[in-house]
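Examining the three-dimensional arrangement
Residues per chain, in single letters:
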2 protein chains.
Amino acid sequence: MRITIIGSGNVATHLSAAFKNAGHRIVQVYSRNMHNAALLAYHVGAEAVDNPKDITGDTDLFILAIKDDAIAAFVPYLSTFNKLIVHTSGAVELQQLLNFTNNAGVFYPLQTFSKTKEVNFRDVPLCIEGADEAITKTLEGLARDISNNVYRVNSTQRKVLHLAAVFACNFTNYLYSIGEQLLAGSGMSFDMLRPLIAETADKIKEHRPADVQPGPAVRNDDLTMQAHLQMLNGQPALQEIYTLLSQDIIKNHNTGHGDK
Amino acid sequence: MRITIIGSGNVATHLSAAFKNAGHRIVQVYSRNMHNAALLAYHVGAEAVDNPKDITGDTDLFILAIKDDAIAAFVPYLSTFNKLIVHTSGAVELQQLLNFTNNAGVFYPLQTFSKTKEVNFRDVPLCIEGADEAITKTLEGLARDISNNVYRVNSTQRKVLHLAAVFACNFTNYLYSIGEQLLAGSGMSFDMLRPLIAETADKIKEHRPADVQPGPAVRNDDLTMQAHLQMLNGQPALQEIYTLLSQDIIKNHNTGHGDK
């Protein structure tokens, strides 16, 4: 398939590399920033463009890998070619593309990408939605070329996925940084926490998280929780986070609500 | 070294296996529950006892791997032998042992253990504290026999470590289970989130978490955050957790406070 990539960020970079490795052809890479467009285009053997008017219709698929709020404004540059257009966002409804064209879909990789870190794309869950069954099938086939984890996900479900990812990934990373701050405040290195963080994530590869919940809250160990809150004196935000999460753990694990 | 293990839970199990593999000798395993004592004792070639009065002084080290609130009550059974006694708790001060004996220390493995999951003990951070320098050196040597990550940590620091672990491990696991709940509510499997969770943990092996913080809060993307809160209507606890963590991310990343 001939593929045009709109964007040059982390998703654009990892996605176009995966497609190229699977034997597809990246024809153009667009970015507002010519340097970024050229860098990615060079890696995947494509033409770099920084003016939307230089984008050609000699392609089979446009992949929008740009910021959520830039998507709607960009579609009119592409919809005239009447080729398949997909976006890669967890939070944007398919409808935003359907306002301009029926030849549309979503190709959402549920993963966090960094430019400097390799990701095995075969493990990345790809969430597919098409405007009709034929488009969905095309996108599914394309997704299977680069990943073993392909799911049909509608716009409502995709938003829930994105929200769940905020809790399980973004907030989790923030808890890591709270851990780092606390250690630094007592002259200790974050290295001491790294093996525990790795093991905590590793455990849920085989278990449901609710089945392996550790800590004072799940034991309803009030003495330890009081001592922890005492240690957080002067850090009201951390006290609040500690209290709120502990209370919710106690509630859910003592009523068996949801997960035990 | 001859070692007596008090307790038969996860810490007792992994610790005694590591010591045995390193060539030390486990002489006795005590548990209130004879079945548990016998099971662990069998694995490490020790004698099982379920009555504290059957514990002998023919040992070099007593390791208390029992619940925090059971530690103080157990020490009198052991202190008469005048052998080195250590506990393995993150939250208990060395002083609790010093009330009974000066031949005391702490041997705290900063890791989450499950009975059914192997852990490479050489990666486990071992946090050592001794009543004096000679004891500290003895415990350090012992710790190095089974781990590459040995730290001297005093009682105040150890409490901070334990608190940091609650944030970075216990609360993190709870966020995983919130993710699972959200997906289940829309008919999706937790499997879809597992690769993202693995990658989020993997990233901070090489980076500081504050340097790789993803998500709408760090971008101050108010539209997405409002949409997420809307989706959590009817789940006030989750709304509160979402708001509190997002606000704290915004505050810390926009002022550069602490970590950017």
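Before any of the text, the structure's been laid out above.
All of these numbers come straight from a predicted model, not from anything done at the bench. (Residues numbered from 1 in each chain as written. Chains lettered and ligands numbered in written order. Predicted model: local features only at pLDDT ≥ 70, side-chain atom pairs only at ≥ 80, totals over all residues.)

**What to know about the sheet that holds strand S3 (residues 47–49) of chain B**
Residue and element names in this part refer to chain B. What counts, and what does not: We treat two strands as partners when DSSP finds at least two bridges between them. For helices the rule is a DSSP run of H or I covering at least 4 residues; for strands it is a run of E covering at least 2, with both sets numbered from the N terminus onward. Simply put, an axis is a line fit to the C-alpha atoms, just over the touching stretch for a helix, and the angle between two N-to-C directions goes from 0 to 180 degrees.
Spatially, S3-S2-S1-S4-S5-S6-S7-S8 is the arrangement adopted by the eight strands of the open sheet, whose pairing is mixed. Of all the strands in the sheet, the pair left with one neighbour each is S3 and strand S8 (149–152). Across the sheet, the mean angle from the axis of one strand to that of its neighbour is 25°, orientation sign disregarded. As paired strands, strand S1 (residues 2–6) and strand S2 (residues 25–30) are joined by five bridges and run parallel to one another. Pairing of Thr-4 across the sheet is with Gln-28, part of S2.

**Focus: the interface of chain B and chain A**
The following threshold applies: Here the contact rule is simple: place C-beta atoms from the backbone, and any two residues whose C-beta atoms are within 7 Å are in contact. Here the nonpolar group is Ala, Val, Leu, Ile, Met, Phe, Trp, Tyr, Cys and Pro; Asp, Glu, Lys and Arg are the charged ones; every other residue, Gly included, is treated as polar.
Between chain B and chain A, the residue contacts involve 74 residues of the former and 74 residues of the latter. Of all the secondary-structure elements, those providing two or more residues to the side of chain B that touches chain A are helix H6 (155–185), helix H7 (194–203), helix H8 (222–231) and helix H9 (236–255) of chain B. Broken down by element, the side of chain B that touches chain A gets its largest block of residues, 25 residues, from H6 of chain B. Among the residues forming the side of chain B that touches chain A, the class breakdown is 45 nonpolar, 17 polar and twelve charged.

**A short note on the relation of the copies chain B and chain A**
As a reminder of what qualifies: Alignment of the copies relies on least squares applied to C-alpha atoms, considering only residues that score at least 70 for pLDDT in both.
Rotating chain B by 180° and moving it 0.0 Å along the rotation axis overlays it on chain A with an RMSD of 0.0 Å. Such a combination of rotation and displacement between the chain copies is what one expects of a two-fold axis. Minimal C-alpha separation from the rotation axis in chain B is found for Thr-172 of chain B, amounting to 2.6 Å. Both copies contact each other with a shared surface, as 100% of the interface residues of chain B are interface residues in chain A too.

**A few points about the sheet that holds strand S1 (residues 2–6) of chain A**
The pairing of strands in a sheet happens through backbone hydrogen bonds and is either parallel or antiparallel. All names here are of chain A. Strand order in this open sheet of eight strands is S3-S2-S1-S4-S5-S6-S7-S8, and the pairing throughout is mixed. Looking at which strands have only one partner, the edges of the open sheet turn out to be strand S3 (47–49) and strand S8 (149–152). Geometrically, the sheet is characterised by an average inter-axis angle of 25° between neighbouring strands, direction not taken into account.

**Overview of the pairing of S2 of chain B**
All names here are of chain B. The condition is simple: Burial is judged by counting the other C-beta atoms within 10 Å of a residue's own C-beta: 20 or more makes it buried, 12 or fewer makes it exposed, and any count in between marks it as partly exposed, with every C-beta position built from the backbone. Crossovers are marked right-handed if the path from the first strand over the helix to the second runs clockwise, as seen with the strands pointing away from the viewer.
Buried residues dominate S2, accounting for five of its six residues. A crossover links S1 with its parallel partner S2, the connecting element being helix H1 (residues 10–21), and its sense is right-handed. Of the pairings in the sheet, the one linking S2 to S3 comprises three bridges and is parallel in character. From the neighbouring strand, Val-29 faces S3, where its bridge partner is Ala-48. Handedness of the crossover joining S2 and S3 through helix H2 (residues 34–44): right-handed.

**Section: the environment of Ala-210 of chain B**
Residue and element names in this part refer to chain B. Mapping Ala-210 onto the fold places it in the loop between H7 and H8. The exposure class of Ala-210 is buried, given the 23 C-beta atoms found within 10 Å. Put simply, Ala-210 and Asn-252 are 42 residues apart on the chain and 9.3 Å apart in space, counted from C-alpha to C-alpha.

**Some points on unusual backbone geometry**
Backbone geometry places Asn-220 of chain A, a non-glycine residue, at a positive phi of 55°. Structurally, the position occupied by Asn-220 of chain A is in the loop between helix H7 (194–203) and helix H8 (222–231). One non-glycine residue, Asn-82 of chain B, adopts positive backbone phi at about 55°. The topology assignment puts Asn-82 of chain B in the loop between helix H3 (68–79) and strand S5 (84–87).

**Overview of the pairing of S8 of chain A**
Residues and elements named next belong to chain A. The two faces of S8 differ: Asn-149 and Tyr-151 on one face are buried, but Val-150 and Arg-152 on the other face are not. With four bridges connecting them, strand S7 (residues 125–130) and S8 associate as parallel partners. Bridged to Cys-127 within S8 is Tyr-151. Taken together, S7, helix H5 (residues 133–146) and S8 constitute a β-α-β crossover, and its handedness is right-handed.

**What to know about H3 of chain B**
Residue and element names in this part refer to chain B. Our working definition: To estimate how far a helix should reach, multiply one less than its number of residues by 1.5 Å. Throughout, the arc means the angular range of directions from the helix axis out to the C-beta atoms.
The end-to-end C-alpha distance of H3 is 18 Å, a good match for the 16 Å that twelve residues give at a rise of 1.5 Å each. Those residues of H3 that sit buried are Phe-74, Val-75 and Leu-78. Here the buried residues of H3 occupy an arc of 130° about the axis, which is enough to place them on one side. Looking at H3, the residues exposed on the side facing more than 90 degrees away from the buried face are Ala-73 and Pro-76. The inward-facing, buried residues of H3 abut S1, strand S4 (61–64), S5 and helix H4 (95–98).

**Structural notes on the nonpolar core**
Condition: Joined through C-beta atoms within 7 Å, a set of buried Ala, Val, Leu, Ile, Met, Phe, Trp, Tyr and Cys residues constitutes a nonpolar core.
Ranked by size, the top nonpolar core spans 162 residues in total, and within it Ile-63 of chain A together with Ile-63 of chain B carry the most contacts. In this structure Ile-63 of chain B touches Ile-3, Ile-5, Ile-6, Leu-15, Val-86, Thr-88 and Phe-107 of chain B, once residues within four positions along its chain are discounted.

**A closer look at the packing of helix H6 (residues 155–185) of chain A against H6 of chain B**
Rule in force here: The scheme is simple: roughly parallel for angles under 35 degrees, roughly antiparallel for over 145, roughly perpendicular for 65 to 115, oblique for anything else.
It is at 9 Å that the axes of H6 of chain A and H6 of chain B come closest, and there the two elements cross at 180°. As summarised for this structure, H6 of chain A and H6 of chain B are arranged roughly antiparallel, according to the angle between their axes. Looking at the contact of H6 of chain A with H6 of chain B residue by residue, the classes come out as 24 nonpolar, four polar and no charged.

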